[in-house]
Amino acid sequence: MTRLRLFCYKSKRLLVERFYCSASAGGVTLILLHVFQQSSATVRLANRTVEGGETQGRVEVQNVWRQWNSICDRSWEDEDADVICRQLGYASGRKMDEYRARGYSSYSQGFLRMNVECAGSESRIQYCQGFESIFSYSSCGYGREEAKVVCYDEPTTTTPPLTTDPPYRFRLAGGSSSGRVEVYNGYRWAVLCDSYWSSRDATVFCRQLGYNSGHKSNRYISGGYCFRRIDVVCRGTESRVQDCQLEDGGQSYSCGYNREQAKVSCYDVYTDPTTLPPPTESPFRFLRFRLAGGSSRSGRVEVYYKYRWAVLCDSSWSSQDAIVTCRQLGYDDGRRSSEYFSRGSRSFRRLNVQCRGRESRVQDCRLEDGGLSNSSCGYSREEAKVVCYDEPTTTTPPLTTDPPYRFRLAGGSSSGRVEVYSGYRWAVLCDSYWSSSDATVICRQLGYNSGQSSDRDFSRSYYFRRMDVVCRGTESRVQDCQLEDRGQSYSCGYNREQANVSCYDVYTDPTTLPPPTESPFRFLRFRLAGGSSRSGRVEVYYKYRWAVLCDSSWSSQDAIVTCRQLGYDDGRRSSEYFSRGSRSFRRLNVQCRGRESRVQDCRLEDGGLSNSSCGYSREEAKVVCYDEPTTTTPPLTTDPPYRFRLAGGSSSGRVEVYSGYRWAALCDRSWNSRDATVFCRQLGYESGQTSNSSFSRSRIFRRMDVVCRGTESKMEDCQLEDRGLSVSRCREAQVACHDSTTEPPRVRLAGGSSRYEGRVEINYENQWGTVCDDSWDSNDTAVVCRQLGYSSGESRSRAYFGRGSGPIWMDNVECGGSESSLDQCRFNGWGNHNCHHSEDAGVVCQLLTPTPPPCSSWSRVRKDFMSMSSVEKRRYINAVVLASTNSRYKREYDNLLGIHHDNFDTMIHRRDEFLPWHRWFLLQYENLLRRIDSRITLPFWDWRGDRPLSTSSSSMWHHNYFGGNGQPCVTNGPFQGSQWSLPDRSYLERNFDHEAIFPDYVAVARLLNENNLTEFESILRVQMHNNVHCHVGGTMCSLSAAYAPEFFLHHAFIDKLWEDWQNKRGSCRTTYFGNIDSAMTAASGATPRQFLDNCRLPGGVSVKYAVTPSVSDIERTLSRQSTSMLSRLPQRRVSDLNQTAIRLFGASETDRSASRRFVNTIRQHADARFDYGGNLRTLLMSRLGLLPGRPEPTEFPWPSEPTEFPWPPEPTWPRLRPPYVPWQLQPPEPPSWPFD
């Protein structure tokens, strides 16, 4: 028998004892057992001190050799300290502040490096994570990393929490009525960090503490080693912080160097003396103050408190504190100082003083004692220093005595800087957003009836107050405006934010003119010096002395009036250098409008004589006078205050404006096509656009901001903001006006080997010329090819098809790609170029499939709504809103849409009239909108894509466009219930059927392959028209459907499908059901024959539908496929006939049978996974070979099909049909179409 032996031994490692056992038999160890381990975690506090309920000391732990070692832990936190204190028998604890920890001895028998991470719920330190990962260490970084704690006999929350409601509690730390805000979220108190902490948030927090008011504080408050980022958004009316919007950002390492720490100052505001609290004995009632280190009026402030004089240290020492201190010392006023004073007392006391400036002594302010400090006040930066005065600095009476603010004007009689008095001092008002509305109110309060903000530099002040003033302009005094006081400031941003005004009276009725008064300037005389008889420096004779006129705001209007007084007809200001004249200089602020006959009739303000020059000649008034005025042509209109005309051409040129005394070129950086359209409409043209052509130059310019919506009849109806005359060049407003009925210049291709390629030539003024290739790209090529009847093309440059002859008409052509003719693109102007014929532009056009004869190049182009630009979308929606709400168009709008409502159950929804009647109806609606804005054409809603009822930003149902769903009314967008209603005062409703499955691209292509007109019309009317009406639901699925703004976009798409079907069959443009020459229902005698061809509609109107760029390849490829090919493509199922739509529109059994056959045929080949999701369009494009990177085809042949065109290559994923043989497509010659 073999004897089994068992050996056990113990291993010691610092705080851990491990016991191991092994078994052996015959000298062979069979198994090794780790029996158990024991952690030694006896702790104590070294250098322990007890003060009140606090016990504090350095943490030491006993190792396995019975030696006491200090703990070194860089990540020592309050949770770790709380576990240590609880292990020692205390109720709770926290980490010792770094400032208090410096005074403790770091003597120890050894040091242990330990990275302990406690959750705060452990009962002993050895249960914390990382306790075993310890090792011996030589020191604790000079004591900075030693673990030191403060333990309590009761929990650390010495102040009761504000509320016990989860998930947050808040408290005030660092002071009794002011300090930092801390938040408790279940396991730890942490400093609240909020980048947008505001006074409203502080008010709610103080209200929760029991105060009735409070504000945000910027005072530095030490303490706090745990931080939590929470965005607090309060309105200021809540009773507690938990009622505000709170967004927790989690724990943080800091509050951005104390900048984002939430700090408050709470207090009570008593407006009724009967509600004042009873007086209490203040611990600061025996405070005494003195000035040291300076004179009797200035120096360092020292405070006598607790039987000792000490220098007062206050990091937030303000001018209000200095004023109250000086008042207590017997002076009338004072201010804080930054001067250096000699050293005095060697003791320093941190005392937080918060005065409002109205108190009679410092003891009446809010005081918070920070204790004595052995070190200085932050290298003298925080020492309280003052300069005291014997008399107050305020010398002028205020405007009003009503609290809490008073305002006055300083620095002038009718113009100057605005000053505000907030209870103890006048200060300059600083407002970054000071506007003319604010200036008008302050001037009205001073007794003037008008005023404006001024940029003039007035005399300086030493006191500033930042205040946001928001006036509407109708108030009678500034106190009625919205005022937000931001406190005292050192400056107003180098005078840029100083609130300055210029007040005056405006009299519109001669009977209200004030009685004449003797003006002090009635004996003024002027002369020109230093130049010629017509130009020079302006000198003024005033108070028996000639002096050079100095005016920092000298303008062209002032120069015109001065020249008029000197006997000339006109003039302008000058910047030329003239020889020196008088050595005296007079500052005279002249403000003329340009219509006065002499300078004395302008607003004048004398600034007195000046011994120095006029700002190194920059402010000298200089003029150039003329014998005759510069205006020579009649204006467009005589209505005040502005007149406009076109200069430099007959139908194109620059815009000039006349403002009472001179024509000047209009300068507007934001001049756009809407402004140009209104200007051309005023000239008698139908529309217009901006131009970059070079016209004859102007010497006088007027800067004016013109903002037109495009629907105005004249420029005076737009928003005009005049910025005055200018002598420097600017961006002139230029236009090119035209009528929509004017046929655009013809385009041809020359020099090519076939009719679809060659050099681009354009006929202008009955002469053929070429186009320069500067900026010539694919967008320009697309416009040229489309104008010639081709689908697309490629650009050619550098006279690829040979050099042309004759003039070069166009240069720098920039097309957007959607223009119907080349002349609608931007270019330099006819004949304005810097090219040679070696730079002639050319194109190679492509026509992949035969197309019907193109409509005229000036046809109305209807686009998919979501492919339109944001400007076009906004323009269309604004026109619809205007037509339905403006009294000028509303009656006609209601009458037109009422025709559809009144005849809903008649032939307009039956086979014989449905398609041509609604084409007539669309044309009438489009004509109405074009009367509002001639640039508008009716868009269509292409619902074939994925999720047509989505309300995303890429959908027409977004709130920026038509708005979304809503019952009993739409709740967003321009047609929501609160803004827009139907003629019967009801609201627009929508009830989207999100389960509905709309026909997709393949279903529509299958419909267009239907050769039978009866089958096509039935499926289009019942399945695609009626069903979609009720998929949208609400108003669209009712007798009032025409009043829904989306009605016309849906019917425009139905009309587009009919036109696409006609385009595939040329003979179908002249045939329809029944008698096509009989009058249609309520259509003013119109017949179906008149509306069978969109290119030849009544009134000479031609309409064509633009192909959406994103689906053009899909449409073109699908149009070449047979019905059997379409069955093999991925496609969606189609919803059954909607029963509500059947009851509403009354489809016959024959129509319903045709639609059911169509639905069943599609469902045989549809894939259910694309019904409500899946990117069907991407897979379809892949199967059609329209995605880049197509794989090589395999050897399997495609099944024989009687097709007209071969099929594109097959991708590798996923296979839904056999592959095929690739093919090469050559662009055919364009067919010759009859134009009968």
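Keep in mind that what you see is a predicted model, and the values were worked out from it rather than measured.

Undergrad: Give me the overall build of the protein: which residues, what numbers.
TA: When helices and strands are tallied, the protein shows 19 helices and 53 strands. Across the protein, the fraction of contacts at a sequence separation of at least 24, relative to all contacts at a separation of at least 6, is 69%. Surface summary for the protein: the accessible area is close to 60000 Å², and the carbon and sulfur share equals 47%.

Undergrad: Can you tell me about the nonpolar core, naming the residues and giving the values?
TA: Where a protein is soluble and globular, its nonpolar side chains tend to be buried together. One finds Phe865, Tyr876, Tyr925, Trp941, Trp943, Phe962 and Met1024 to be the most contacted residues of the largest nonpolar core, which totals 83 residues. Mapped onto this core, the elements with two or more residues apiece are α9 (870-885), α10 (887-902), α11 (914-932), α12 (1001-1008), α13 (1013-1032), α14 (1047-1063), β53 (1103-1105) and α18 (1149-1165). For this core, the leading source of residues is α11, giving 11 residues. In this structure Phe962 touches Phe865, Tyr876, Ile877, Met956, Trp957, Phe975, Arg990, Pro1045, Glu1046 and Leu1049, once residues within four positions along its chain are discounted.

Undergrad: Which residues make up the pairing of strand β25 (residues 406-410), and what values do they have?
TA: Within a regular strand, side chains alternate between the sheet's two faces. Of all 5 residues that make up β25, 5 are buried, and the element is covered over most of its length. What you see with β25 is no split at all: Arg406, Arg408 and Ala410 on one side and Phe407 and Leu409 on the other are buried throughout. Bridge count for β25 against strand β26 (residues 415-421) is 5 bridges, and the pairing is antiparallel. Among the inter-strand pairings, Leu409 is bridged to a residue of β26, identified as Val418. Counting the residues in the hairpin turn of β25 and β26 gives 4 residues, including Gly411, whose phi is positive at 95°.

Undergrad: Outline the packing of α12 against α18, listing residues and values.
TA: At a minimum axis separation of 11 Å, α12 and α18 run at an interaxial angle of 130°. If you check the angle between α12 and α18, you find them oblique. Considering the relative orientation of α12 and α18, their crossing is right-handed. Of α18, the residues touching α12 (which contributes Ala1003, Arg1006 and Leu1007) are Phe1158, Thr1161, Ile1162 and His1165. Here the residues of the contact of α12 with α18 sort into 4 nonpolar, 2 polar and 1 charged.

Undergrad: Explain the packing of aromatic side chains to me, and be specific about the residues and the numbers.
TA: In the structure shown here, the tally under the stated rule is 29 aromatic pairs. The ring centre of Trp189 lies 4.3 Å from the NZ or CZ of Arg171, which sits over that ring. In this arrangement the basic side chain of Arg356 is found over the ring face of Tyr267, its NZ or CZ atom lying 5.1 Å from the centre.

Undergrad: Break down the pattern of salt bridges for me, with residues and values.
TA: Tallying each qualifying case throughout the model produces 44 salt bridges. Two residues, Asp82 and Arg86, come together in a salt bridge whose shortest N-O distance is 2.3 Å. Of this pair, Asp82 and Arg86 are both found in helix α1 (residues 78-87), 4 residues apart, which corresponds to roughly one turn of the helix. Notably, a salt bridge pairs Arg1021 with Asp1151, separated by 2.9 Å at the nearest N-O pair. One end of the pair, Arg1021, is in helix α13; the other, Asp1151, is in helix α18, and 130 residues separate them in sequence. Among the ionic contacts, a cluster of salt bridges with common partners joins Arg44, Arg58 and Glu60.

Undergrad: I'd like a description of the state of the cysteines, backed by residues and values.
TA: One covalent bond between the sulfur atoms of two cysteine residues makes up a disulfide. Here the structure, examined in full by the defined rule, presents 15 disulfides. Two residues, Cys206 and Cys266, share a disulfide whose sulfurs are 1.9 Å apart. Residues Cys206 and Cys266 are joined through a disulfide that is left-handed, its torsion about the S-S bond being -75°. Note that Cys206 is positioned in helix α3 (residues 199-209) and Cys266 in strand β17 (residues 263-267), a separation of 60 residues in sequence.

Undergrad: Describe the side chain of Ser1040, with residues and values.
TA: Tracing the backbone shows Ser1040 in the loop between α13 and α14. Of the residues examined, Ser1040 reaches a relative accessible area of 18% and is grouped as buried. Ignoring sequence-local partners within four residues, the contact set of Ser1040 consists of His901 and Thr1035.

Undergrad: Before we move on, could you go through the packing of α9 against α11 and cite the residues and values that matter?
TA: Where α9 contacts α11, the axes come no closer than 9 Å and their chain directions differ by 100°. With respect to α11, the element α9 is oriented roughly perpendicular. Facing Tyr876, Ala879, Val880, Leu882 and Ala883 of α9, the residues of α11 in contact are Tyr925, Leu929 and Ile932. Its residues assigned to classes, the contact of α9 with α11 comprises 8 nonpolar, no polar and no charged.

Undergrad: Give a detailed account of α10, specifying residues and quantitative values.
TA: Taking 1.5 Å of rise per residue, the 16 residues of α10 would be expected to cover 22 Å, and the 22 Å separating its terminal C-alpha atoms lies within 8% of that figure. By the burial criterion, the buried members of α10 are Tyr889, Tyr893, Asp894, Leu896, Leu897, Gly898 and His900. Those residues of α10 that are buried lie in contact with α9, α11 and α14. Its side-chain oxygen placed 2.8 Å from the backbone nitrogen of Arg888, Asn886 serves as the N-cap of α10.

Undergrad: With reference to specific residues and values, describe the environment of Arg169.
TA: Locating Arg169 in the fold gives a position in strand β11 (residues 169-173). Between the C-alpha atom of Arg169 and that of Tyr184, which follows or precedes it by 15 residues, the distance is 5.0 Å.

Undergrad: Can you explain empty space enclosed by the protein? Please cite residues and give values.
TA: If you walk through the whole model with that rule in mind, you get 3 cavities of 30 Å³ or more. Reported here for the largest cavity is a volume of approximately 60 Å³. Every residue lining the largest cavity is listed: Phe914, Leu915, His918, Arg919, Leu922, His1051, Ile1054, Asp1055 and Trp1058. Per element, the largest residue contribution to the lining of the largest cavity is 5 residues, and it comes from α11. Per-class residue counts for the lining of the largest cavity are 5 nonpolar, 2 polar and 2 charged.

Undergrad: Which residues make up the side chain of Glu368, and what values do they have?
TA: Tracing the sequence through the fold places Glu368 in strand β23 (residues 366-373). At 3.2 Å, the side chain of Glu368 and the side chain of Ser178 are in polar contact.

Undergrad: Outline the environment of Gly89, supporting the account with residue identities and numerical values.
TA: With respect to the helices and strands, Gly89 occurs in the loop between α1 and β7 (92-95). Judged by its relative accessible area of 65%, Gly89 falls in the exposed class. For Gly89 and Tyr152, which are 63 residues apart along the polypeptide, the C-alpha to C-alpha distance reads 9.7 Å.

Undergrad: Mind laying out the environment of Ile71, listing which residues take part and the relevant values?
TA: Mapped onto the fold, Ile71 is located in strand β6 (residues 68-72). Its relative accessible area of 2% is what places Ile71 among the buried residues. When the C-alpha atoms of Ile71 and Val116 are compared, they prove to be 9.9 Å apart, with 45 residues separating the residues in sequence. Contacts of Ile71, omitting those with residues within four sequence positions, involve Val59, Val61, Leu112, Met114, Cys140, Glu145, Glu146 and Ala147.

Undergrad: I'd like a rundown of the confidence of the model for the protein, residues and numbers included.
TA: For the protein, per-residue confidence averages 77 on the pLDDT scale, and residues scoring 70 or more make up 78% of the total. Across the protein, the secondary-structure element scoring lowest on mean pLDDT is strand β3 (residues 28-39), at 47, and the one scoring highest is α11, at 93. Predicted confidence is poor over residues 629-640, with pLDDT under 50, and the contacts of this stretch with residues over four places away or in other chains come to 28 contacts.

Undergrad: Just give me the short version of α9, but keep the residues and values in it.
TA: One turn of an α-helix holds 3.6 residues; hence residues three or four places apart share an orientation. In this model α9 runs 22 Å from its N-terminal to its C-terminal C-alpha over 16 residues, within 8% of the 22 Å that 1.5 Å per residue would give. Where α9 is concerned, the buried positions are Lys873, Arg875, Tyr876, Ile877, Ala879, Val880, Ala883 and Ser884. The inward-facing, buried residues of α9 abut α10, α11 and α14.

Undergrad: Can you lay out unusual backbone geometry for me, pointing to particular residues and giving the numbers?
TA: For the bond from Gln967 to Pro968, the omega torsion is 5°, close enough to zero to count as cis. Along the polypeptide, Pro968 turns up in the loop between α11 and α12. Positive phi, normally seen in glycine, also occurs at Arg985, with a value near 75°. As for its placement among the helices and strands, Arg985 is situated in the loop between α11 and α12. Despite not being glycine, Ser1084 has its phi angle at roughly 55°, a positive value. One can find Ser1084 in the loop between α14 and β53.

Undergrad: Which residues make up the pairing of strand β45 (residues 734-738), and what values do they have?
TA: Taking burial as the measure, the 5 residues of β45 include 4 buried ones, the bulk of the element. Taken together, the 3 bridges between strand β40 (residues 652-658) and β45 define a ladder with antiparallel strand orientation. Along β45, the bridge assignment pairs Ser652 with Ala736. With 4 bridges joining them, strand β42 (residues 687-690) and β45 adopt antiparallel strand pairing. Its bridge partner lying in β45, Thr690 is registered against Val735.

Parameters at a glance
- Residues numbered from 1 in each chain as written.
- Predicted model: local features only at pLDDT ≥ 70, side-chain atom pairs only at ≥ 80, totals over all residues.
- Heavy atoms only, no water.
- Helix = DSSP H or I, 4+ residues; strand = E, 2+ residues; numbered from the N terminus.
- Contact = heavy atoms within 4.5 Å.
- Areas by Shrake-Rupley, 256 points an atom, 1.4 Å probe, with all protein chains shown as cover.
- Core = buried A, V, L, I, M, F, W, Y, C linked by side-chain atoms within 4.5 Å.
- Buried < 20%, exposed > 50% of the residue type's maximum accessible area, 1.4 Å probe, protein only.
- Pairing = 2+ DSSP bridges.
- Axes fitted to C-alpha atoms, helices over the stretch in contact; angles between N-to-C directions.
- Parallel < 35°, antiparallel > 145°, perpendicular 65-115°, else oblique.
- Left-handed = near helix turned anticlockwise from the far one by under 90°.
- Nonpolar A, V, L, I, M, F, W, Y, C, P; charged D, E, K, R; others polar.
- Phe/Tyr/Trp six-rings, centres within 6.5 Å; stacked < 30°, edge-to-face > 60°.
- Lys NZ or Arg CZ within 6 Å of the ring centre and 35° of its normal.
- Salt bridge = Lys/Arg side-chain N within 4 Å of Asp/Glu carboxyl O.
- Disulfide = S-S within 2.5 Å.
- Expected span 1.5 Å × (residues − 1).
- Polar contact = N/O pair within 3.5 Å; in protein donor to acceptor, adjacent residues only side chain to side chain.
- 1 Å grid on protein atoms, 1.4 Å probe; cavity = no way out; pocket = protein on both sides within 12 Å on 5 of 7 lines; lining within 4 Å.
- Points joined across faces, edges and corners; volume = space filled by probe spheres on them.
- pLDDT = per-residue confidence, 0-100.

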